[in-house]
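Listed here are the chains, written in short residue letters.
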Amino acid sequence: MAVVISVNISEQKGTVKREVPEIQLKLRHGIVGDAHAGDWHRQISLLAEESVDKMRSLLPELQPGAFAENINTRGLELKSLPVGTRLRLGETVVEVTQIGKECHSDCEIKKRTGKCVMPTEGIFAVVVKEGTVRKGDPIEIVEEAKA
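Let me sum up the structure you'll find in this document.

## Observations regarding the pairing of strand β7 (residues 86-89)
Point 1. The alternating pattern of β7 places Leu87 and Leu89 on a buried face and Arg86 and Arg88 on a face that is not buried.
Point 2. Count of turn residues in the β7/strand β8 (residues 92-99) antiparallel hairpin: two residues, of which Gly90 carries a positive phi of about 60°.

This is the structure we're talking about:
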């Protein structure tokens, strides 16, 4: 079963996100209190813990939010989900809008290790159904993207 490993926010862009007990997802906004919230296609960022584990072989001290991701997951290969896939995260539903991203400046992790998983393995989503997401919440695919 896929599960939420952590939920993370930051009040300012360009900073590492910190783990919090829960996040509130709001339509046409994203995560209440997060610097990346807004009415755009990258309201929420998700990164599989399996991707973070690859980087922990180089930086064992990596904590949730180190890649500026809002939600860490385990048990679901996020990077293979097609755009348009809908996921239930606890009581909420999000829709995948983008896989990976172009990095315009190297993050501290890439400077230290020469690589970063977020540009190729992170995904982005928008809120479809509002609610709360917490560590330990189940994740399920509720609608496959149409090919």
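## A closer look at the nonpolar core
Point 1. The biggest cluster of nonpolar side chains holds 24 residues, and the ones touching the most others in it are Ile23, Leu25, Ile44, Leu46 and Ile71.
Point 2. Of all the secondary structure elements, the ones that give two or more residues to this core are β1 (2-9), β3 (22-26), β5 (44-48), β7, β8 and β9 (123-129).
Point 3. The element best represented in this core is β1, accounting for four residues.
Point 4. Each residue touching Ile44, except ones within four places of it in the same chain, is listed here: Leu25, Ile31, Asn70, Ile71, Val94, Ile123, Phe124, Ala125 and Val127.
Point 5. Leu47, Val52, Met55 and Cys116 belong to the second largest nonpolar core, which has ten residues in total.

## Things to note about the side chain of Asn70
Point 1. You can see Asn70 is positioned in the loop between α1 (49-56) and β6 (71-74).
Point 2. In this structure Asn70 comes out as buried when scored by relative accessible area, which is 1%.
Point 3. A distance of 3.4 Å separates polar atoms of two side chains, one belonging to Asn70 and the other to Asp34.
Point 4. Excluding its chain neighbours within four sequence positions, the residues that come into contact with Asn70 are Ser6, Val7, Asn8, Ile9, Lys17, Ile31, Asp34, Gln43, Ile44 and Ser45.

## Concerning the sheet that holds β3
Point 1. One open sheet holds the three strands; their spatial order is β4-β3-β10, and the pairing between them is antiparallel. The open sheet has two free edges, formed respectively by β4 (30-31) and β10 (131-134), since each of these has just one partner strand.

## Quick word on the pairing of β8
Looking along a regular strand, one sees the side chains alternate between the two faces of the sheet.
Point 1. When β7 meets β8, the two strands line up antiparallel, connected through four bridges. Counted as the bridge partner of Arg88 is Val93 from β8.
Point 2. Across six bridges, the pairing between β8 and β9 is antiparallel. From the neighbouring strand, Glu95 faces β9, where its bridge partner is Val126.

## Overview of the side chain of Ser6
Point 1. Following the sequence through the fold, Ser6 ends up in strand β1.
Point 2. Here Asn8 takes part through its side chain, which lies 3.4 Å from a polar atom of the side chain of Ser6.
Point 3. Among the polar contacts made by the side chain of Ser6, one reaches the side chain of Asn72 at a distance of 2.8 Å.
Point 4. What Ser6 contacts, discounting residues up to four positions off in sequence, is Glu19, Pro64, Asn70, Ile71 and Asn72.

## Details of the pattern of salt bridges
Point 1. Under the counting rule described, the total for this entry stands at eleven salt bridges.
Point 2. The salt bridge involving Lys54 is made with Glu121; its shortest N-O contact spans 2.7 Å. Taken as a pair, Lys54 in helix α1 and Glu121 in helix α3 (residues 118-121) lie far apart in primary sequence, 67 residues in all.
Point 3. With a relative accessible area of 40%, Lys54 lands in the partly exposed category.
Point 4. Since its relative accessible area comes to 9%, Glu121 is described here as buried.
Point 5. Because the salt bridges share partners, they merge into one network encompassing Glu49, Asp53, Arg56 and Arg74.

Conventions and cut-offs
- Residues numbered from 1 in each chain as written.
- Predicted model: local features only at pLDDT ≥ 70, side-chain atom pairs only at ≥ 80, totals over all residues.
- Heavy atoms only, no water.
- Buried < 20%, exposed > 50% of the residue type's maximum accessible area, 1.4 Å probe, protein only.
- Helix = DSSP H or I, 4+ residues; strand = E, 2+ residues; numbered from the N terminus.
- Pairing = 2+ DSSP bridges.
- Core = buried A, V, L, I, M, F, W, Y, C linked by side-chain atoms within 4.5 Å.
- Contact = heavy atoms within 4.5 Å.
- Polar contact = N/O pair within 3.5 Å; in protein donor to acceptor, adjacent residues only side chain to side chain.
- Salt bridge = Lys/Arg side-chain N within 4 Å of Asp/Glu carboxyl O.

Everything listed here is a matter of coordinates, which is why it stays silent on function.
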